There are 2 protein chains.
Amino acid sequence: MTGVKDPAGLSPAAARQLFREGLVTPTAGFASGYAQANLVAVPRELAYDLLLFAQRNPKPCPVLDVLDAGEVSGPILDGDVRTDLPAYRVFVDGELVEETPDARSWWRPDLVTFLIGCSFTFETALVLDGVPVRHLEQGVNVPMYRTSRRCRSAGALAGPLVVSMRPVPADRVADAVRITARYPAVHGAPVHVGDPGALGIADLGRPDYGDPVEVRPGEVPVFWACGVTPQAAIAESRPALAITHAPGHMLVTDARDAAYQQP
Amino acid sequence: MTGVKDPAGLSPAAARQLFREGLVTPTAGFASGYAQANLVAVPRELAYDLLLFAQRNPKPCPVLDVLDAGEVSGPILDGDVRTDLPAYRVFVDGELVEETPDARSWWRPDLVTFLIGCSFTFETALVLDGVPVRHLEQGVNVPMYRTSRRCRSAGALAGPLVVSMRPVPADRVADAVRITARYPAVHGAPVHVGDPGALGIADLGRPDYGDPVEVRPGEVPVFWACGVTPQAAIAESRPALAITHAPGHMLVTDARDAAYQQP
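This is a predicted model, so every value here is computed, not measured. (Residues numbered from 1 in each chain as written. Chains lettered and ligands numbered in written order. Predicted model: local features only at pLDDT ≥ 70, side-chain atom pairs only at ≥ 80, totals over all residues. Heavy atoms only, no water.)

Moving on: the nonpolar core. In a soluble, globular protein the nonpolar side chains are often hidden away together inside. In this structure, Tyr-48 and Phe-114 of chain A together with Tyr-48 and Phe-114 of chain B are the most contacted members of the largest nonpolar core, which totals 66 residues. When residues of this core are sorted by domain, at least three fall in each of domain 1 (7-118 + 243-260) and domain 2 (120-225) of chain B. Apart from residues lying up to four places away in sequence, Tyr-48 of chain B is in contact with Arg-44, Ala-47, Tyr-48, Leu-51, Val-66, Val-112 and Phe-114 of chain A. (Core = buried A, V, L, I, M, F, W, Y, C linked by side-chain atoms within 4.5 Å. Buried < 20%, exposed > 50% of the residue type's maximum accessible area, 1.4 Å probe, protein only. Domains from an automatic or database assignment. Contact = heavy atoms within 4.5 Å.)

If you want it as structure tokens, here you go:
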């Protein structure tokens, strides 16, 4: 799909270089063993609300790091958050105005960048234990859905919980829960197993973000809290400017997945 | 020591009422099974720095909740944070100007209150597993020490790591680590086992906060990150106003200890 021969075998720095040079692709499966992160950059005056929103909603918004205003690199990445992701979304007054592979023309020195854990981190652990990960098998982006569940609001920020979905064979659901529960810093255990309707999801075949995947007979849709949740809050709460990753197109960090696994 | 017949058997509301009515005592051992919290209230303009400081130093500063500016009650306590602790410390320009059982005369509507996890939460689990907790046995406050380790700074806030110390028999140190590691939201596993000198602690008999406790032959001093750490950062960073609990004199919350235990 990507034209990259062995995306899993890339180093984080090599993956970031490919994206910096213009490769646009979902990052699931890239740089196996290294943590990927959701990105949200907001003006300094909104940073407290966003940090508090994350603190109050740790399942969808587990903060891995916050860069100081104007900083574009940090302890978990030796690079540039303005260029090193495959694709960005730019929100002005809550409206998505551009999707771009290079965010530099929108950057301002007062932007504070949040790096938020991503469920791709535990996908390696699922695969190693033989739990199928359908979007990896199909070579597409993970399906994500806005739900009818509200997050706890914080100052100017309010919005719905967004979830990612992976179909899991019924006899492996317990394993999927057990394995992902060991990674609370990257969304942890599922928030919901089974009935999409209970989350207000009308049609699994029409995700709000990412691509649909096949749910086979005997499989159960399993839902994990998703780091796109802040984007839904931004769309609803309409700050003057916000720059995020494009869903599924994450920052590949230098931190190892294992660093976010519980003992 | 306290004149309270069965402090462990009190409900959180009953404990808070005693403190509201004037009882001044360290709270270790009160309302067994319920989480206690460190309190730090700062003006709204410092709240982002404090929340970021906590995010960057999660071992000493695990945030349980943040109240909105001006709020004095919240989801984990049905009460009043200005009166329901046995003792407060008031810092003006970083100087400790008063220790008082009632903080109302210092309160301002722009204060943002942080509730931070406390290691008293895992002491019940230690005792239940037969690991001795010396300050409970001796009926004194837990000993706490400023260390030579620096926290990661955040904006205007910088300071040393503060630790609490419990002497543990050498053959139970592994158990103490294992048990407390299950409670990452209340400081979790120790940050250091053994040599106080490596933490810059010259004399265990002279703690910076709380009371000294006996370390018996065959026991090892074990150090946990401590929620007094923000107070040390406030003393060093000198904000205009900060109100905290007095060390060891915590907020007894309505949240159960078990809520902060990992599955």
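Residue and element names in this part refer to chain A. Pairing in this open sheet of four strands is antiparallel, and the strands run β6-β7-β9-β8 from one edge to the other. Of all the strands in the sheet, just β6 (144-150) and β8 (192-193) have a single pairing partner and so form its edges. Pairing of β8 with strand β9 (residues 219-225) involves two bridges; the strand directions are antiparallel. Its bridge partner lying in β9, Val-193 is registered against Val-222. Across the sheet, helix α5 (residues 173-181) is in contact with β7 (160-169), β8 and β9; its angle to β9 comes to roughly 15°. (Pairing = 2+ DSSP bridges. Helix = DSSP H or I, 4+ residues; strand = E, 2+ residues; numbered from the N terminus. Axes fitted to C-alpha atoms, helices over the stretch in contact; angles between N-to-C directions.)

A few words on the interface of chain B and chain A. Where interface size is given, it is often the accessible area lost as the parts come together that is meant. Across the contact, 19 residues belong to chain B and 19 residues belong to chain A. Buried surface at the junction of chain B and chain A, summed over both partners, amounts to about 1,600 Å²; 49% is from carbon and sulfur atoms. Our count for the contact surface shared by chain B and chain A stands at four salt bridges. Between Arg-56 of chain A and Asp-68 of chain B there is a salt bridge, and its shortest N-O distance comes to 3.0 Å. Where chain B touches chain A, the interface holds eight residue pairs in polar contact (both at pLDDT 80 or more). Of all the elements in the fold, those that place two or more residues in the side of chain B that touches chain A are α2 (44-56), β2 (63-66) and β5 (111-117) of chain B. By residue number, the principal contributor to the side of chain B that touches chain A is α2 of chain B, which donates eight residues. (Buried area = accessible area lost by both parts, 1.4 Å probe. Salt bridge = Lys/Arg side-chain N within 4 Å of Asp/Glu carboxyl O. Polar contact = N/O pair within 3.5 Å; in protein donor to acceptor, adjacent residues only side chain to side chain.)

This next bit is on the pairing of strand β4 (residues 95-100) of chain B. Looking along a regular strand, one sees the side chains alternate between the two faces of the sheet. Residues and elements named next belong to chain B. Where strand β3 (residues 88-92) meets β4, five bridges bridge the pair, whose relative direction is antiparallel. In the strand pairing of β4, Val-92 is matched with Glu-95. The turn linking β3 back onto β4 is made up of two residues, and Asp-93 within it adopts a positive phi angle of 50°.

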